[in-house]
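# Results of the structural survey
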Amino acid sequence: LQAPLTALALTIQFRHQESAKQLAERLSQSDPLTGLHNRRGFNELAAPVWSTALRNQRPLSLIMLDLDHFKQLNDRHGHDAGDLALEQTARLLERICRAGDVLARWGGEEFLLLLPETGLPEAHALAERLRQQIQTLTLSPRGVPISLSASFGVIERSTQQQLEQLINQADRLLYQAKSAGRNQVICEA
């Protein structure tokens, strides 16, 4: 009788450990506020997408977006308002993204969308649609209406041999959008 009980106890303990391990793995790849992938989760999912596009010379685009004046929003309306802005933006992005797209909160108020089988014209159109829809989001923490806007950098894979190069170029384009007055989409020409 003792042997089967010991075996059962070990099985239960093993299952608990496996569950805890799986939970820890999921948490290490997701952003706790938005539930989106974080950098680690993005990189893991994006690697095979990148590899396939590179190997088969297929179109692949990247959108990097950043909520405008986010620090001022936090300073003026509190971190709860900033969190709400991030959560609502994440939900909007999830609704618009296709099943094969890779979406992540890149950091702070930045988000990335990796778009397989998507050329620059389609990625630009998507970014413009997102920009317009972000403007329609209205937050009302503490009864005070707050409008949002975002700036976008959009690029299609061309000669880049590493995903990091594409991300850095999208970041440069995003910075140009910010410098040019925000609330706009800048694409690689």
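Owing to the predicted nature of the structure, the values given are computational and were not obtained by experimental measurement.

As a further point, take the overall build of the protein chain. From N to C terminus, the protein chain includes six helices and seven strands. Sequence-ordered secondary structure for the protein chain, helices as α and strands as β, is α-α-β-α-α-β-β-α-β-β-β-α-β. Whereas a compact globule of 189 residues would reach a radius of gyration of roughly 16 Å, the protein chain reaches 20 Å, over 25% beyond that. By its C-alpha atoms, the protein chain is 75 × 50 × 20 Å across when sized along the principal axes. The buried share of the protein chain, taken over its 189 residues, is 43%. Summed over its atoms, the accessible surface of the protein chain is roughly 10,500 Å², and 53% of this surface lies on carbon and sulfur atoms. The distance from the centre of the 20 positive side-chain charges to the centre of the 21 negative ones in the protein chain is 2 Å.

With that settled, consider helix α3 (residues 70–77). Along an α-helix, a turn takes 3.6 residues, which lines up residues three or four apart on a common side. Of the residues making up α3, those classed as buried are Phe70, Leu73, Asn74 and His77. Considered in projection along α3, the buried side chains sweep an arc of 100° and stay on one side of the axis. Set apart from the buried face of α3 by more than 90 degrees, the exposed residues are Lys71, Asp75 and Arg76. Looking at the buried residues of α3, the elements they touch are β1 (60–67), α4 (79–96) and β5 (146–147). Following α3 by one or two positions, Gly78 has its phi on the positive side, about 95°.

As a further point, take the packing of aromatic side chains. Enumeration over the complete set of coordinates arrives at one aromatic pair. A ring pair is formed by Phe42 and Trp106, whose centres lie 5.4 Å apart and whose planes are at 80°; its orientation type is edge-to-face. Taken as a pair, Phe42 in helix α2 (residues 39–56) and Trp106 in strand β2 (residues 102–107) lie far apart in primary sequence, 64 residues in all. Take Trp106: its relative accessible area is 10%, and that puts it in the buried class.

Attention shifts here to the pattern of salt bridges. Using the criterion set out here, one finds nine salt bridges in the structure. A salt bridge links Asp68 to Lys178, with the shortest nitrogen-to-oxygen separation between them at 2.9 Å. One end of the pair, Asp68, is in the loop between β1 and α3; the other, Lys178, is in helix α6 (residues 163–179), with 110 residues separating them in the sequence. This pair shows no difference in class: Asp68 is buried, exactly as Lys178 is. The residue Glu128 makes a salt bridge to Arg131 at a minimum N-O spacing of 2.5 Å. With Glu128 and Arg131 both in helix α5 (residues 120–136) and three residues apart, this pair spans about one turn of that helix.

Attention now goes to the environment of Ala127. Within the secondary structure layout, Ala127 lies in helix α5. Residue classification places Ala127 among the buried residues on the basis of a relative accessible area of 0%. Each C-alpha atom, one on Ala127 and one on Arg39, is 20 Å from the other, the two residues being 88 residues apart in sequence. Setting aside residues up to four positions removed in sequence, Ala127 forms contacts with Ile63, Phe152, Val154 and Val185.

It is worth spelling out the sheet that holds strand β6 (residues 150–156) at this point. With mixed pairing, five strands are arranged side by side in an open sheet as β2-β3-β1-β6-β7. Looking at strand neighbours, the two that pair on one side only are β2 and β7 (185–187), the edges of this open sheet. Pairwise comparison of adjacent strand axes, ignoring direction, gives a mean angle of 20° for this sheet. The sheet contacts of α6 involve β1, β2, β3 (110–116), β6 and β7, and relative to β6 the element is tilted by about 140°.

About the cut-offs
- Position labels on residues start from 1 in each chain and follow its written sequence.
- Where totals are concerned, whole chains, interfaces and linings use all residues; where local detail is concerned, this predicted model gives features only for residues with pLDDT of at least 70, and gives and counts side-chain atom pairs only at 80 or more.
- Working from all heavy atoms in the structure, the side-chain values ignore hydrogens and water.
- Under the scheme used here, helices are H or I runs from DSSP no shorter than 4 residues and strands are E runs no shorter than 2 residues, and both carry numbers assigned from the N terminus.
- Our radius of gyration is a C-alpha quantity, and the globule rule it is checked against amounts to 2.2 Å times the number of residues to the power 0.38.
- Burial here depends on accessible area, computed with a 1.4 Å probe over protein chains only, as a share of the maximum for the residue type. Under 20% is buried, over 50% is exposed, and the range in between is partly exposed.
- All accessible areas in this document rest on Shrake-Rupley with a 1.4 Å probe, and a residue is counted as covered only by the protein chains that are shown.
- This count recognises Lys and Arg as positive and Asp and Glu as negative, with His and chain-terminal groups excluded.
- Taken as the charge location is NZ of Lys, CZ of Arg, CG of Asp or CD of Glu.
- By definition, the arc is the one covered by directions from the helix axis to the C-beta atoms.
- The contact rule is simple, with two residues in contact once any of their heavy atoms fall within 4.5 Å.
- Only Phe, Tyr and Trp rings take part, Trp by its six-membered ring, and two of them pair if their centres are within 6.5 Å. Stacked means planes under 30 degrees apart, edge-to-face means over 60, and tilted covers everything else.
- By salt bridge we mean one thing: a side-chain nitrogen of Lys or Arg within 4 Å of a carboxyl oxygen of Asp or Glu.
- By the convention used here, strands pair only if DSSP detects at least 2 bridges between them.
- Lines fitted to C-alpha atoms define the axes, with helix axes restricted to the stretch in contact, and inter-axis angles between N-to-C directions lie between 0 and 180 degrees.

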